[in-house]
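Single-letter residue listing:
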Amino acid sequence: MTQVYFIGAGPGDPDLITVKGRRLIEQADLVVYAGSLVPAELVACARKDAKVVDSAPLTLEETHALLLQTAQDGGLAVRVHTGDPSLFGAIREQMALLDRDGVEYEVVPGVTAAFAAAAQAKVSFTVPGVVQSLSICRAGGRTPVPEAQEVERMAEHGGAMAVYLSAHDAAKVRNALLQGGLSPDTPVVIGHRVGWPGGETRQTRLEDIPATAEAMGVTRQAVFLVLPGENAGNKASKLYDADFAHGYREADGQKE
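In this text the structure is predicted, and so the values were computed from the model without any measurement. (Residues numbered from 1 in each chain as written. Predicted model: local features only at pLDDT ≥ 70, side-chain atom pairs only at ≥ 80, totals over all residues. Heavy atoms only, no water.)

A.B. asks: I keep staring at the sheet that holds strand S5 (residues 105-108) and nothing clicks. Help me out?
C.D. replies: Sheet strands line up and pair through hydrogen bonds in the backbone, either parallel or antiparallel. Reading across from one edge, S3-S2-S4-S1-S5 is the order of the five strands in this open sheet, with parallel pairing throughout. Each having just a single partner strand, strand S3 (51-54) and S5 make up the two edges of the open sheet. Each strand of the sheet is rotated relative to its neighbour by a mean of 15 degrees, with strand direction disregarded. Here five bridges tie strand S1 (residues 4-8) to strand S4 (residues 77-81), and the two strands are oriented parallel to one another. Residue Phe6 lies in a different strand from S4, and its bridge partner there is Arg79. Along the sheet, helix H2 (residues 60-72) contacts S1, strand S2 (30-33), S3 and S4; its crossing angle with S2, the most-contacted strand, is approximately 160 degrees. (Pairing = 2+ DSSP bridges. Helix = DSSP H or I, 4+ residues; strand = E, 2+ residues; numbered from the N terminus. Axes fitted to C-alpha atoms, helices over the stretch in contact; angles between N-to-C directions. Contact = heavy atoms within 4.5 Å.)

A.B. asks: Help me out: how do you make sense of the sheet that holds strand S7 (residues 160-164) in this one?
C.D. replies: Strand order across the open sheet formed by five strands is S6-S7-S10-S8-S9, with mixed pairing between neighbours. Only two strands of the sheet have a single neighbouring strand rather than two, namely strand S6 (134-138) and strand S9 (200-205). The mean angle between the axes of side-by-side strands here comes to 20 degrees, regardless of whether they run parallel or antiparallel. Each of S6, S7, strand S8 (187-192), S9 and strand S10 (222-226) is contacted by helix H4 (residues 113-121), which is oriented at about 65 degrees to S10, the strand it contacts most.

Read these as layout, nothing more, since geometry by itself doesn't imply function.
Written as structure tokens, this is what we have:
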């Protein structure tokens, strides 16, 4: 029986959580959430008698102890993470501890900031015949990035990009993208605290990333969407072309 659930809370908007995720929060005996990134409003649906804990001041071992104790008592524990738990999260080490102690768990996906920002800005990462890939990456900082996965190397592919965890040095992001061969005129969307009160998205040019980020007051909690396909003009998908058989019109274009 599953005793612990890791839940993707989305980027900040309390409504951008899956139905399953919200249902589990409502049922849980213990709700542990990252209060620095997950708004308290998102876990306000917890039972009145549930234990709700902000994990911001806790260590990995302290958080695990809470989950383990609840599981050993026969209760249901949920660990609420920002965005999607699988992306730049810290679930691997938490799952390893649960594996060690024989606790069953599941992961419930969430909406990551890049997709929320693209939706708010009304842009598309992919454009038929022009851009058919998306790289999710970050600039190196306290956590190093392997050389082959640095921003400039990802930019060499010419596809769309979502650059996370790099808001503190917008100039570094701009320079890396230019070094990777992208045009200074490449469209970029900066999403800042998307889903939070006062959050916004703003469209700019690659060359103007630092100035735009400064004007937005960006210092953290931002994602840079690099969108070379936005300059491609009107490129319609063949998914709804009159010559396509209906059998090809499936979810996410999986038979395109």
